[in-house]
Amino acid sequence: MSVDTLVHSPLAEGLFHKAISQSGTLYSKIAPCDLLQAKDQYREVLKQPDEVELKDHIITLKQADFSRAEASLFGRGPFGPVLDYDVLPVLPEDMTDEKATVPYMLGRCSGEGDALLTATIPMYLKCGLLEGFSKEMFEMVVAGTIQRLAPSCEHESDLFIEKIIKTYSHQLRCPEKMYSEIFCRWWGDLMLGIGPLKRAEEYAERGGDVFQYELQLIPKHSHDRNFAGNLNLKPEWSRSDHCDDTLYMFGVPFLAGKYAQGDVRFTAEEENLSRRMMKAWADFARSGDPGWEKYNENKEIKFFDEEDLMGRFGDDENLLERVKLFDQMYKKPDVHSFKLYSQI
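The sections below set out a description of the structure shown in this document.

This part is about empty space enclosed by the protein. A full pass over the atoms with the stated rule returns three cavities of 30 Å³ or more. Its boundaries defined by the atoms lining it, the largest cavity holds a volume of some 50 Å³. Around the largest cavity, the lining residues are Y168, W186, D189, L190, I194, R322, L325, F326 and M329. Within the residue set of the lining of the largest cavity, elements represented by two or more residues are helix 8 (178-193) and helix 13 (317-329). When residues of the lining of the largest cavity are assigned to their parent elements, the largest contribution, four residues, is made by helix 13.

In structure tokens, the structure reads:
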């Protein structure tokens, strides 16, 4: 999200010549930027009355204290991108008249919400995520998520719950826990997975060179105790989880036995994948070309697996359905949010 902001910020123009965004864009907060709601929440957490200017109070806080305050706001509401007419003058999807000039590589993992960002949240665990949501619990959790992250759809929660089940019930890895798997796949798309696809499309339309990838290889240590070291195994449905791509592009398989989180082991296929990804990232940094076809003309996507493949965005009918559902739930932040921001 930070990279996507800098790519589209006029204040960052000329500061870099290529950009790589992994598992996140400004689409990663799909809800409207309800700054009046945010103002009330911040006042409550910071214990400040209406007559106090929040921005003046925040400046006086130590970074650690403010970070703790922000952490306590998690899940309270959708605080999306802020249009401040400075760092971010307009949303990237509205920059239709501005030519994109920086080569941009965007990527995602096949299961962005499968474990790290869902199976570590106490609220979901208490509801039985790992054991397998019942249909009733699934509906309750999804309705609550819609209320927080897509409030414009709240009045049609039942309809969207049906659409989510229909859209995500294909190609399940763990049918006996289908409602947990469906939730995690939808949550991952909602927060991170669809954004890179949307951004690649828009950036290409503005004339920028775009390279798109998806990590599909499932790490051996996610499901095999003999490779996991001190790490917990991930849920049965977990595919390539959020941040798994960073393991390979940073060469972690070559640190086997020295890994900070335990004696994690990797296969020979994972070592080879790591070599290919490190080379692609380095080549892109040097030349702006990672070694595969640009997304621009034919919507080409590089799929990293034990054997890499090239595919096209339109080839996966289920992915098209997932993007369609995202578009139905997405609502852009209020373009006048700076006026609200100045009042906070």
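What follows continues from the structure just given.
This part takes up the layout of surface pockets. Taken as a whole, the second largest pocket encloses approximately 440 Å³ of empty space. In terms of lining, the second largest pocket is formed by 20 residues, of which the most central are L116, L231, N232, K234 and D241. Considering only residue class, the lining of the second largest pocket consists of ten nonpolar, seven polar and three charged.

Here the focus is the packing of aromatic side chains. In this structure the tally under the stated criterion is 13 aromatic pairs. Summarising the aromatic geometry, the rings of Y213 and F304 are spaced 6.0 Å apart at their centres and angled 70° between planes, so their arrangement reads as edge-to-face. Here Y213 is found in strand 3 (residues 210-215), whereas its partner F304 is found in strand 4 (residues 300-304), with 91 residues between them in sequence. For the pair shown, Y213 and F304 are each scored as buried. When the ring of W292 is compared with that of F304, the centres are 5.7 Å apart and the planes differ by 80°; the resulting orientation is edge-to-face. In this pair, W292 is assigned in the loop between helix 12 (268-287) and strand 4 and F304 in strand 4, connecting sequence segments twelve residues apart. Ring pairs connect the aromatic residues Y124, F133, F183 and W186, which therefore count as one cluster.

With respect to topology, five strands assemble into an open sheet ordered 1-2-3-4-5, the strand pairing being mixed. Of all strands in the sheet, those with a lone pairing partner are strand 1 (19-22) and strand 5 (309-312), marking the two edges. The sheet shows a mean angle of 25° between the axes of neighbouring strands, taken without regard to direction. Across four bridges, the pairing between strand 3 and strand 4 is parallel. Directly across from L215, in strand 4, lies its bridge partner F304.

Reading the values: the criteria
Residues numbered from 1 in each chain as written. Predicted model: local features only at pLDDT ≥ 70, side-chain atom pairs only at ≥ 80, totals over all residues. Heavy atoms only, no water. 1 Å grid on protein atoms, 1.4 Å probe; cavity = no way out; pocket = protein on both sides within 12 Å on 5 of 7 lines; lining within 4 Å. Points joined across faces, edges and corners; volume = space filled by probe spheres on them. Helix = DSSP H or I, 4+ residues; strand = E, 2+ residues; numbered from the N terminus. Nonpolar A, V, L, I, M, F, W, Y, C, P; charged D, E, K, R; others polar. Phe/Tyr/Trp six-rings, centres within 6.5 Å; stacked < 30°, edge-to-face > 60°. Buried < 20%, exposed > 50% of the residue type's maximum accessible area, 1.4 Å probe, protein only. Pairing = 2+ DSSP bridges. Axes fitted to C-alpha atoms, helices over the stretch in contact; angles between N-to-C directions.

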